[in-house]
Amino acid sequence: QVQVVESGGGLVQPGGSLRLSCAASGRTFTIYFMGWYRQAPGKQREMVATIRTSGVTDYADSVTGRFTISRDNTKDTVYLQMNSLKPEETAVYSCSVTTYGPETYWGQGTQVTVSS
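Residues numbered from 1 in each chain as written. Predicted model: local features only at pLDDT ≥ 70, side-chain atom pairs only at ≥ 80, totals over all residues. Heavy atoms only, no water.

1. Quick notes on the overall build of the protein
Line of reasoning, step 1. In terms of regular secondary structure, the protein is built from 0 helices and 11 strands.
Line of reasoning, step 2. Overall, the protein shows an N-to-C arrangement of helices and strands of β-β-β-β-β-β-β-β-β-β-β.
Line of reasoning, step 3. Relative to the 2.2 N^0.38 estimate, which gives 13 Å for 116 residues, the radius of gyration of the protein is 13 Å and therefore close to what a compact globule would have.
Line of reasoning, step 4. Projected onto its principal axes, the C-alpha positions of the protein cover 40 × 25 × 20 Å. (Helix = DSSP H or I, 4+ residues; strand = E, 2+ residues; numbered from the N terminus. Rg over C-alpha atoms; globule rule 2.2 N^0.38 Å.)

Structure follows, in structure tokens:
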């Protein structure tokens, strides 16, 4: 199994920045890719960004150019740097880990609120 813990959420003003962290532990050698997803109130969960062990990344069109996903393989940690945040990006941001099984594990989520 893989355990997933997110951190770094909070309140930020429109146009501001936040960095989220996602630390994986357990059978991390089985990880294929990790990703960030978000769910706003009353909306479906959507993919924000993913990164494979190879380093290949994928972004939602709405965040391309503003968000950057990166990975520290030595720490089994993935980061999401979010710049130029918008109020409509207020959501619970969750990290997921998918293994070669394939199995997917989720963290508990972290709240990001963009408001003045």
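2. Some points on the sheet that holds strand S1 (residues 2-7)
Line of reasoning, step 1. Overall, antiparallel pairing links the 4 strands, which are arranged S1-S3-S8-S7 in an open sheet. Looking at the sheet topology across the chains shown, the edges are occupied by S1 and strand S7 (67-72). Averaged over all pairs of adjacent strands, the angle between their axes in this sheet comes to 15°, without regard to strand direction.
Line of reasoning, step 2. As paired strands, S1 and strand S3 (residues 18-26) are joined by 6 bridges and run antiparallel to one another. The residue bridging glutamate 6 from the neighbouring strand is cysteine 22, located in S3. (Pairing = 2+ DSSP bridges. Axes fitted to C-alpha atoms, helices over the stretch in contact; angles between N-to-C directions.)

3. Here we look at the pairing of S7
Taken residue by residue, a regular strand's side chains alternate between the two faces of the sheet.
Line of reasoning, step 1. Side chains Phe67, Ile69 and Arg71 project from S7 onto a buried face, and the interleaved Thr68, Ser70 and Asp72 project onto a face without burial.
Line of reasoning, step 2. By the bridge criterion, 6 bridges tie S7 to strand S8 (residues 77-82) in an arrangement that is antiparallel. In the strand pairing of S8, arginine 71 is matched with valine 78. (Buried < 20%, exposed > 50% of the residue type's maximum accessible area, 1.4 Å probe, protein only.)

4. Remarks on the pattern of salt bridges
Line of reasoning, step 1. Applying the stated criterion across every chain, the model contains 3 salt bridges.
Line of reasoning, step 2. We note a salt bridge from arginine 38 to glutamate 46, for which the minimum N-O separation is 2.6 Å.
Line of reasoning, step 3. By relative accessible area, which is 35% here, glutamate 46 ends up partly exposed.
Line of reasoning, step 4. Note that glutamate 89 and arginine 66 form a salt bridge whose closest N and O atoms lie 2.5 Å from each other. Linking glutamate 89 in the loop between S8 and strand S9 (91-99) with arginine 66 in the loop between strand S6 (57-59) and S7, this pair joins segments that are 23 residues apart in sequence.
Line of reasoning, step 5. Taking relative accessible area as the criterion, glutamate 89 reaches 3% and is therefore assigned buried.
Line of reasoning, step 6. On the accessibility criterion, arginine 66 (14% relative accessible area) is buried.
Line of reasoning, step 7. Each of Arg38, Glu46, Arg66 and Glu89 takes part in a single network of salt bridges with overlapping partners. (Salt bridge = Lys/Arg side-chain N within 4 Å of Asp/Glu carboxyl O.)

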